[in-house]
Amino acid sequence: MGHFSDMFHGLARSLSIKKWKTVENGGKIECVEALVKDAKRNERILRSSGVVNVDGSDNLASLFSRRGEKGANQDCLVAWEGFGCQEDMMFCGVFDGHGQWGHFVAKKVRDSMPPSLLFHWQDTLASTSIDSEAAPDSNSKLHKFNVWKQSFIKTCNAVDHELAMQRKFDSFYSGTTALSIVRQGDMLIVANVGDSRAVLASESEDGSLAAIQLTVDFKPNIPQEAERISQCNGRVFCLEDEPGVYRVWLPHEESPGLAMSRALGDYCVKDHGLISEPEVTQWPISARDQFVILATDGVWDVISNQEAVEIVSLAPDKASSARRLVECAARAWKRKRRGYATDDISAICLFFHASRQNQ
């Protein structure tokens, strides 16, 4: 990636943490902005349906999004290979907007989250004096996870605050979910706000693929979520024509009726139990782990975890895997949800051993 990659490695790796601390925030922000431009120029960032696979990388990401029957596609996605010019890192995210301006909110978060996370990751590394290239013992891995966890929490807070400040669209009654992952070597960090889902495909001893759900679907009827909403005078209940679909409502109004308990934006219910804090977890990637699926609820409303893993594994090639999953979900909507408008459907399939397997 030329001289700029060398420059970043000088900042992120070669320079001492003490020296990094002396750089003003403005300088750090400029550095991150330059990294984004460099990644775009080298086609390492993809914000639409397609494939990201850099020569020599272990990662191959297949992305696909399909508009439903409710209007504008409020789903969007992003993949960034060599995240922040770190050769062993990749960022992927899916965002599911809702409300009148949900498509604008989702796109804004998609564009803001990766550079914001990169900024907070570097800033947290500096403030905790942790070297990102420390020896890979258990203590180091715990430190790395804690740095990522703090960075994701700071990022979601910053992006949510940024949404409240902007004036190009109204995010008072509109918002988005945000499910994102970072792969750093053999470590997978997962951060989830909302009801999109991450599912891992791991090889069992008999050679079959098992589906492992890595995230919680943050629905309002989950006990700890419902309790928080209730303590903040929000309400959780189903409408008569939607049995089993729990939504969040204001104390004295029949709005906004959110089907998730965590989201970015939606400031009308931020004082009544809705939060934007992500749940951040980690997964050590082993030789048995083959790929991870990130998808909006348009997939999971009609496709089980195991079905999704099997659909992806049977795709004719890795590059077409996300499209195949989305199209299977669209057909399942026609069968299982007759009379309901098909939701927007989006998925990312990230393969961990792309360079060692046929694509």
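Note that the coordinates shown come from a computational prediction; the quantities given were computed from them, not determined experimentally.

Draft legend 1. Geometry of the overall build of the protein. Each helix and strand in the protein was counted, giving nine helices and 17 strands. Per-residue burial over the protein gives 55% buried out of 359 residues. Carbon and sulfur atoms provide 49% of the accessible area of the protein, an area that totals close to 15,900 Å².

Draft legend 2. The sheet that holds strand S13 (residues 256–258), seen in detail. Spatially, the three strands line up as an open sheet ordered S11-S12-S13, and their pairing is antiparallel. Two strands in the sheet have a free side with no partner beyond their single neighbour: strand S11 (235–237) and S13. Averaged over all neighbouring strand pairs, the angle between strand axes comes to 30°, with direction disregarded. Examined bridge by bridge, S11 and strand S12 (residues 247–249) share three bridges and lie antiparallel to one another. Each residue of the ladder has a partner; that of Val236, found in S12, is Val248.

Draft legend 3. Region of the structure containing the sheet that holds strand S2 (residues 50–52). The strand order S2-S3-S17-S16-S9-S10 describes an open sheet built from six strands, whose pairing is antiparallel. Taken across any chain shown, the strands that pair with only one partner, and hence form the sheet edges, are S2 and strand S10 (209–213). Put simply, the sheet's adjacent strands are angled 20° from each other on average, direction ignored. With five bridges joining them, strand S16 (residues 289–295) and strand S17 (residues 345–351) adopt antiparallel strand pairing. Of the residues in S17, the one forming a bridge with Ile293 is Cys349. Against the sheet, helix H8 (residues 305–313) touches strand S9 (197–203), S10, S16 and S17, its axis set at about 130° to S10.

Draft legend 4. Spatial organisation of the layout of surface pockets. Computed from the structure, the largest pocket encloses a volume of approximately 860 Å³. Lining of the largest pocket is provided by 30 residues; of these, Lys70, Arg247, Ala259, Asp297 and Asp343 occupy positions nearest its centre. Here the lining of the largest pocket takes three residues from strand S5 (residues 89–98), the largest share from any one element. Partitioning the lining of the largest pocket into residue classes produces eleven nonpolar, eight polar and eleven charged. Approximately 380 Å³ is the volume found for the second largest pocket. Lining the second largest pocket are 15 residues; nearest its centre among them are Glu33, Asp111, Ser112, Pro115 and Ser116. Listing elements by their share of the lining of the second largest pocket, those giving two or more residues are helix H3 (25–41), helix H4 (102–128) and helix H5 (138–165). Looking at the lining of the second largest pocket, the element that brings in the most residues is H4, giving six residues. Here the lining of the second largest pocket is built from residues that sort into seven nonpolar, three polar and five charged.

Draft legend 5. Region of the structure containing the confidence of the model for the protein. When pLDDT is averaged along the protein, the result is 89; 88% of the residues meet or exceed 70. Across residues 1–24 the pLDDT falls below 50, and counting only partners more than four positions away or on other chains, this stretch makes 43 contacts in the model.

Draft legend 6. Spotlight on H8. For H8, the complete set of buried residues consists of Asn305, Ala308, Val309, Ile311 and Val312. Taken around the axis of H8, the buried residues stretch over an arc of 165°, which confines them to a single face. Here the buried face of H8 lies against S9, S10, S16, helix H7 (297–300), helix H9 (321–336) and S17.

Draft legend 7. Region of interest: the environment of Ser320. Inspection of the secondary structure assignment puts Ser320 in the loop between H8 and H9. Counting along the chain gives 256 residues from Ser320 to Phe64, while the straight-line C-alpha distance between them is 8.7 Å. Filtering out sequence-adjacent residues up to four positions away, Ser320 remains in contact with Ser62 and Ala315.

Draft legend 8. The environment of Leu314, seen in detail. Position of Leu314 relative to the elements: it lies in the loop between H8 and H9. A sequence separation of eleven residues divides Leu314 from Leu325, and the C-alpha atoms of the two residues are 10.0 Å apart.

What counts, and at which threshold
Residues numbered from 1 in each chain as written. Predicted model: local features only at pLDDT ≥ 70, side-chain atom pairs only at ≥ 80, totals over all residues. Heavy atoms only, no water. Helix = DSSP H or I, 4+ residues; strand = E, 2+ residues; numbered from the N terminus. Buried < 20%, exposed > 50% of the residue type's maximum accessible area, 1.4 Å probe, protein only. Areas by Shrake-Rupley, 256 points an atom, 1.4 Å probe, with all protein chains shown as cover. Pairing = 2+ DSSP bridges. Axes fitted to C-alpha atoms, helices over the stretch in contact; angles between N-to-C directions. Contact = heavy atoms within 4.5 Å. 1 Å grid on protein atoms, 1.4 Å probe; cavity = no way out; pocket = protein on both sides within 12 Å on 5 of 7 lines; lining within 4 Å. Points joined across faces, edges and corners; volume = space filled by probe spheres on them. Nonpolar A, V, L, I, M, F, W, Y, C, P; charged D, E, K, R; others polar. pLDDT = per-residue confidence, 0-100. Arc of directions from axis to C-beta.

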